Amino acid sequence: MTEFKGENLTTEDAFWVMWYFLQEHYELSNNTFDVSDILSASEPMDWDESGIKRPADNGMIDFWNEALEKYRKQGKPDWKKLKK
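Note that the structure is a prediction, hence the values are computed from the model and not measured.

### Comments concerning the overall build of the protein chain
Scanning the protein chain for helices and strands turns up 4 helices and 2 strands. Reading the secondary structure of the protein chain in the N-to-C direction produces α-α-β-β-α-α. A buried classification covers 21% of the 84 residues belonging to the protein chain. When contacts within the protein chain are restricted to residue pairs at least 6 apart in sequence, those whose partners lie at least 24 apart make up 61%. When the accessible area of the protein chain is evaluated, it comes to approximately 6,300 Å², of which 53% is carbon and sulfur surface.

### Structural notes on helix 3 (residues 59-74)
Taking 1.5 Å as the rise per residue, helix 3 with 16 residues should run 22 Å; its terminal C-alpha atoms sit 22 Å apart, in good agreement. Contact partners of the buried residues in helix 3: helix 1 (11-28), helix 2 (35-42) and strand 2 (54-55). Positioned one or two residues after helix 3, Gly75 has a phi angle of 70°, which is positive.

### Looking at the environment of Val17
Tracing the sequence through the fold places Val17 in helix 1. Residues Val17 and Glu66, spaced 49 residues apart in sequence, show a C-alpha to C-alpha distance of 9.1 Å. When residues no more than four places from it in sequence are discounted, the contact partners of Val17 are Leu9, Trp64, Ala67, Leu68 and Tyr71.

### Describing the pattern of salt bridges
Taken as a whole, this structure holds 2 salt bridges when the rule is applied. Ionic pairing is found between Glu12 and Lys76, a salt bridge with its closest N-O pair at 2.7 Å. Residue Glu12 is located in helix 1, and its partner Lys76 is located in the loop between helix 3 and helix 4 (79-82); the two are separated by 64 residues in the primary sequence. According to the relative accessible area criterion, Lys76 is partly exposed, its value standing at 46%. Where Glu69 meets Arg72, a salt bridge forms, and the shortest distance between an N and an O atom there is 2.6 Å. Of this pair, Glu69 and Arg72 both sit in helix 3, separated by 3 residues, roughly a single helical turn. Given a relative accessible area of 24%, Glu69 falls into the partly exposed group.

### Thoughts on the nonpolar core
The biggest cluster of nonpolar side chains holds 11 residues, and these are Trp16, Val17, Tyr20, Phe21, Ile38, Ala41, Met60, Trp64, Ala67, Leu68 and Tyr71. When residues of this core are traced back to their parent elements, those giving at least two are helix 1, helix 2 and helix 3. Element by element, the count of residues in this core is highest for helix 3, at 5 residues.

The rules behind each value
- Residues numbered from 1 in each chain as written.
- Predicted model: local features only at pLDDT ≥ 70, side-chain atom pairs only at ≥ 80, totals over all residues.
- Heavy atoms only, no water.
- Helix = DSSP H or I, 4+ residues; strand = E, 2+ residues; numbered from the N terminus.
- Buried < 20%, exposed > 50% of the residue type's maximum accessible area, 1.4 Å probe, protein only.
- Contact = heavy atoms within 4.5 Å.
- Areas by Shrake-Rupley, 256 points an atom, 1.4 Å probe, with all protein chains shown as cover.
- Expected span 1.5 Å × (residues − 1).
- Salt bridge = Lys/Arg side-chain N within 4 Å of Asp/Glu carboxyl O.
- Core = buried A, V, L, I, M, F, W, Y, C linked by side-chain atoms within 4.5 Å.

That's the geometry; what it means functionally is another story.
Take a look at the structure:
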């Protein structure tokens with residue numbers, strides 16, 4: 001089973017990792033997505049009654065880890081890219 005990469009993030013760092021996480025979903029869905037789909041796939045569940053909760057869709061862990069790597073490499077996005 002995929003594991004979250006161990007990382008202590010500041011509130012601001014977590015915000016930007018989440019930004020990259022959502023950006024990936026937006027791009028994969030042809031620039032449209034339903035936030036409820038992302039939230040339901042990210043719903044924490046105790047799969048094996050161990051008390052450890054994981055997202056309903058374990059792919060969400062991969063998306064998060066990829067967003068974390070992207071943030072580490074690219075840092076905060078250029079403000080010009082945020083404007084449409």
